[in-house]
Amino acid sequence: VCSSDLGGIMEPNLEFINPYDQDQPNNELYEVIENETISNCNLKGLTISGALFSLSHFKNVTFVSCVFFATKLENTTFENCRFVDCKFQFTSTSHCEFESTQFANCIWDSSPIHKTKFSDCFMDAKTVHYVKKESQSNPVANNMIKKIAA
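All residue numbers here refer to positions counted from 1 along the written sequence of the relevant chain. Restriction of local features to residues with pLDDT of at least 70 applies here, the model being predicted, together with a cutoff of 80 or more for giving and counting side-chain atom pairs; totals for whole chains, interfaces and linings are based on all residues. Side-chain metrics in this entry use all non-hydrogen atoms of the structure; hydrogen atoms and water are not considered.

Another aspect to go through is unusual backbone geometry. Phi at His-95 is positive, roughly 55°, even though this residue is not glycine. In DSSP terms, a helix is any run of H or I states spanning at least four residues, a strand is any run of E spanning at least two, and both are numbered starting from the N terminus. Tracing the sequence through the fold places His-95 in the loop between strand E11 (92-94) and strand E12 (97-99). Taking relative accessible area as the criterion, His-95 reaches 43% and is therefore assigned partly exposed. The phi angle at Lys-115 is positive, at roughly 45°, despite the residue not being glycine. Relative to the helices and strands, Lys-115 resides in the loop between strand E15 (113-114) and strand E16 (117-119). Whether a residue is buried, partly exposed or exposed follows from its accessible area with a 1.4 Å probe, protein chains only, as a fraction of its type maximum: under 20%, in between, or over 50%, in that order.

On to the sheet that holds strand E4 (residues 51-54), then. Sheet architecture is open: five strands sit in the order E1-E4-E7-E11-E15, paired in parallel fashion. Of all the strands in the sheet, just strand E1 (31-34) and E15 have a single pairing partner and so form its edges. We call two strands paired when DSSP finds no fewer than two bridges between them. Sheet topology places E4 next to strand E7 (residues 72-74); three bridges connect them, and they run parallel. Note on E7: the bridge partner recorded for Leu-52 is Lys-72.

Further remarks concern the nonpolar core. Counting 29 residues, the largest nonpolar core has Phe-58, Phe-63, Phe-78, Phe-83, Phe-98, Phe-103 and Phe-118 as its most contacted members. Those elements that place two or more of their residues in this core are strand E2 (37-44), E4, strand E5 (57-64), strand E17 (121-123) and helix H1 (125-136). Sequence-distant contacts of Phe-58, defined by excluding residues within four places in its chain, comprise Ile-38, Phe-53, Phe-63, Thr-76, Thr-77, Phe-78, Glu-79 and Cys-81. We define a nonpolar core as any set of buried Ala, Val, Leu, Ile, Met, Phe, Trp, Tyr and Cys residues linked to one another through side-chain atoms lying within 4.5 Å. Residues are treated as being in contact if the distance between any of their heavy atoms lies within 4.5 Å.

Attention shifts here to the environment of Tyr-30. Looking at the secondary structure, you find Tyr-30 in the segment before E1. Given the relative accessible area of 8%, Tyr-30 is considered buried. In the structure, Tyr-30 is positioned 19 residues away from Ser-49 in sequence and 8.7 Å away in space, judged by C-alpha atoms.

Everything listed here is a matter of geometry and, on its own, says nothing about what the molecule does.
This is the structure we're talking about:
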């Protein structure tokens with residue numbers, strides 16, 4: 001049972017969103033989920049499209065076969081979470097923290113990662129490759145990666 005209600009179904013946003021444009025402040029283009037704590041959830045087959053997660057905390061949440069499409073993750077913490085068979089497409093991650101989080105069989109497509117910290121995380125080879133590739137262009141993020149295990 002989840003300990004948070006995200007307020008019903010999010011409406012998809014059909015406008016083009018460029019995840020690499022850091023100067024795109026148009027948060028009105030997103031369904032905003034802010035200052036939420038979501039814990040002890042098992043989410044399967046969920047598609048999250050056109051959402052902005054900001055200043056939120058996910059704890060003990062498992063995402064299985066979920067798709068994050070044209071979504072922004074900003075200043076959000078994922079603690080002891082699992083992402084299994086998930087797809088990140090045109091999703092921007094910045095100033096986030098992933099602590100003791102697992103990534104298994106995830107696909108990353110045009111999804112930039114900026115100034116994000118990974119601590120004691122376990123990642124599949126594709127995720128390790130993608131995070132390292134994204135971090136090369138951002139030396140701050142590269143220095144923040146604590147542990148990555150295949």
